[in-house]
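Observations on the model geometry
This is what each chain is made of:
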Amino acid sequence: MTGVGIDAIEIWTGKLKLDLPGTFAPEKGDDPAKYTKGLGLHASSFPDTYEDIVTMGANAAKRLMERKGLTPEDIGRIDVATESAFDNSKPVSTYIAGCLEQVFEGDFRHANKGERKFACVAGTQSIDDAYNWIRAGRNRGRAALVIATDTALYERGDPGEATQGAGAVAMLIDEDPSLVELSPEQGYGSMDETDFLKPNQQFPSVDGKRSVQVYLARMREALTDYESVAGKTHPEEYVFAPFHTPFPGMVRKAALLGYRHMIRDTEIEEALADEIGMQPREEECETEEEYLDAVREYTDALKGTEQYRAWYARTIDPTLDISREVGNWYTGSVHIARAAALKRALEDDMDIEGAKLLVGSYGSGAQAEIHHETVQEGWQEEIAALNIDEQNERRYDLSFAEYEKVHQVHNHDEDVEVEEFTVPEDEFAFDGWGRMGERKYRYVE
Ligand code: HMG
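Here we summarise the structure given alongside this text. Starting from 1, residues in each chain are numbered consecutively following that chain's sequence as written. Given that the model is predicted, a residue must reach a pLDDT of at least 70 before its local features are reported, and side-chain atom pairs must reach 80 or more before they are shown or counted; all residues, however, enter totals for whole chains, interfaces and linings. Values reported for side chains reflect all heavy atoms of the structure, with hydrogen atoms and water molecules removed beforehand.

1. Quick look at the overall build of the protein
Helix and strand content of the protein: 15 helices and 15 strands. By its C-alpha atoms, the protein is 70 × 55 × 40 Å across when sized along the principal axes. Partly exposed residues are those whose accessible area sits between 20% and 50% of the maximum for their type, while under 20% is buried and over 50% is exposed, using a 1.4 Å probe and protein chains only. Per-residue burial for the protein yields a buried fraction of 58% across its 445 residues. Exposure was quantified through the Shrake-Rupley algorithm and a 1.4 Å probe, taking into account, for residues, occlusion by the shown protein chains and nothing else. About 19,000 Å² of surface is accessible on the protein, with carbon and sulfur atoms providing 43% of the total. Numbered from the N terminus, helices here are DSSP runs of H or I no shorter than four residues, and strands are runs of E no shorter than two.

Written out as structure tokens, the structure reads:
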């Protein structure tokens, strides 16, 4: 059987923007550098009043289907990954399919539709489902449409408010893909955790500091589990390592620990020994505390080395280009990290066909997953078709007072009327409520 992977990708950002250092920081009384340097964020995307997870997902999917010349007949399943759903029974994929049926000839009656939930890792899990469906030979030659769509809002005043975002990523999963082929090897780190959850509530209950530690712990387990099936990893083996990016500062922490793990027992550790010593070994320390202190000291020194900084600039920094401008898109986040890296490779005219990506997904609650992907022959054409920079450029720049209203409009418990900030054109828009409480949508020419 030929390989299975991501054949095409489209990204749709919410059409509003909150400038974090310029607009948010002064209102909060914060130093703008907390955002740009600490968290690594410049702006967050928000949905306009007529946008939501359905319109953003349907708009991304429509662009993807048009660009690839697809009809509903070509799609055998539609899986939506989201943690912002507004219906506990009817999946978002049915709403999105309904939207697409307004503009494409034919229908999706034959397509298996579902909704995946496991915080931010659900987008990757939906890709897995599609992969397994195709590998099992149940797809009848059809491709799967996977849509990761979220409006990531936190309670006003929550520390997470700095890391909000909204947007959708549509991906076509198919045999003989044009963009990346997925490895069958995967590693998991999964554990019952209460770091970030939404027990029947719209805004998350978050233990922010702990969530950072849980992310790192589960990611480490996933990497070890991945190595148990794929063999030991080496930093030079991967051209990029896109990771779930709630904010770039989180990935900065994860990358350093990942690098330390990967260089252990390699020529890189040896080469660095004169400068920063060898990594501490647990068996050489008398107590666990002594070992942990030594590891911290080594890691701090590693961060400043030329080798690490060059690897980070090459392998990690490019994955953050889009996140920096749009914030956390939850289920879509790791998928914009992959797109950002490939986009940078295209801009830098890199020859990366056949190169490998190490992809780390994460969802609170909590689970990390790691696999690798191989860049395919058609990657340049696929990435050249993205217009995320133009979309970001076109966003309406909110004042703080406008941001407060937008937050209220998207709060399910509030009923406020706010004028739209942008004009919908050639896109799906929210069109009010139906008689059974369903949300309705129309295509605006
Ligand atoms: P906070 O307390 O507002 O920020 O919350 P802080 O004081 O920790 O500062 C943040 C960073 O900026 C720190 O860097 C500061 O030092 C630095 P660090 O020490 O950690 O490297 N800083 C500055 N740097 C330069 N100049 C300055 C300056 N001031 C400060 N002047 C927190 C931060 C992440 C806790 C908060 O934003 C939060 O709760 N976010 C939401 C939770 C989250 O994103 N967690 C991430 C891991 S969990 C995850 O990824 C899953 C998730 O996506 C959900 C899902 O799976 O569904 C969230």
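The structure having been displayed, the exposition proceeds.
2. What to know about the sheet that holds strand β5 (residues 112-116)
Paired strands, in this sense, are two strands between which DSSP finds at least two bridges. The strand order across the open sheet formed by eight strands is β5-β4-β6-β7-β1-β8-β12-β11, and the pairing between neighbours is mixed. Strands at the two margins of the open sheet, each flanked by one partner only, are β5 and β11 (356-363). Looking at each pair of strands side by side, their axes are set apart by 25 degrees on average, direction ignored. Bridge count between strand β4 (residues 75-81) and strand β6 (residues 143-152): six bridges; the pairing is parallel. When the sheet's bridge partners are listed, Ala 81 is paired in β6 with Ala 148. Two residues qualify as a contact provided that any one of their heavy atoms is within 4.5 Å of a heavy atom in the partner residue. To get an axis, fit a line to the C-alpha atoms, keeping to the stretch in contact for a helix; angles then go from 0 to 180 degrees between the N-to-C directions. Sheet strands in contact with helix α3 (residues 53-67) are β1 (4-13), β4, β6 and β7 (165-175), and its direction is about 125 degrees off that of β1.

3. Some words on helix α4 (residues 92-103)
How far a helix is expected to stretch is found by multiplying one less than its residue total by 1.5 Å. If you check α4, its first and last C-alpha atoms are 18 Å apart, about what 12 residues at 1.5 Å a residue would give, namely 16 Å. All of the buried residues along α4 are Val 92, Ser 93, Tyr 95, Ile 96, Ala 97, Cys 99 and Leu 100.

4. Considerations on the environment of Lys 90
Assignment of secondary structure puts Lys 90 in the loop between β4 and α4. Here Lys 90 is in contact with Tyr 95 and Glu 115, once residues within four sequence places are set aside. Separated by 3.0 Å, the side chains of Lys 90 and Thr 94 make a polar contact. What qualifies as a polar contact is a pair of N or O atoms within 3.5 Å, subject to a donor-acceptor requirement within protein and to the restriction that residues adjacent in sequence count only when both atoms come from side chains.

5. What about the pairing of β7?
With respect to burial, β7 is a largely interior element, 10 of its 11 residues being buried. Two elements, β1 and β7, share nine bridges in a ladder whose sense is antiparallel. When the sheet's bridge partners are listed, Gly 5 is paired in β7 with Asp 174. The pairing of β6 with β7 spans nine bridges and is antiparallel. Bridge pairing in β7 places Ile 147 opposite Ala 170.

6. Topic: the site of the ligand
Lining the immediate environment of the ligand, one finds 29 residues, of which Lys 34, Glu 83, Cys 120, Lys 209 and Lys 253 sit closest. Here an oxygen atom of the ligand sits 2.6 Å away from a polar atom, N or O, in the side chain of Lys 34. Here a nitrogen atom of the ligand sits 2.8 Å away from a polar atom, N or O, in the side chain of Ser 211. If the ligand stood free it would expose 1,100 Å²; the protein chains cover 74% of that surface. Contributions of two or more residues to the shell around the ligand are made by α2 (32-39), α6 (208-230), α7 (248-263) and β11. Throughout, near means a residue has at least one heavy atom within 4 Å of the molecule or strand.

Any link to function would need more than the numbers given here.
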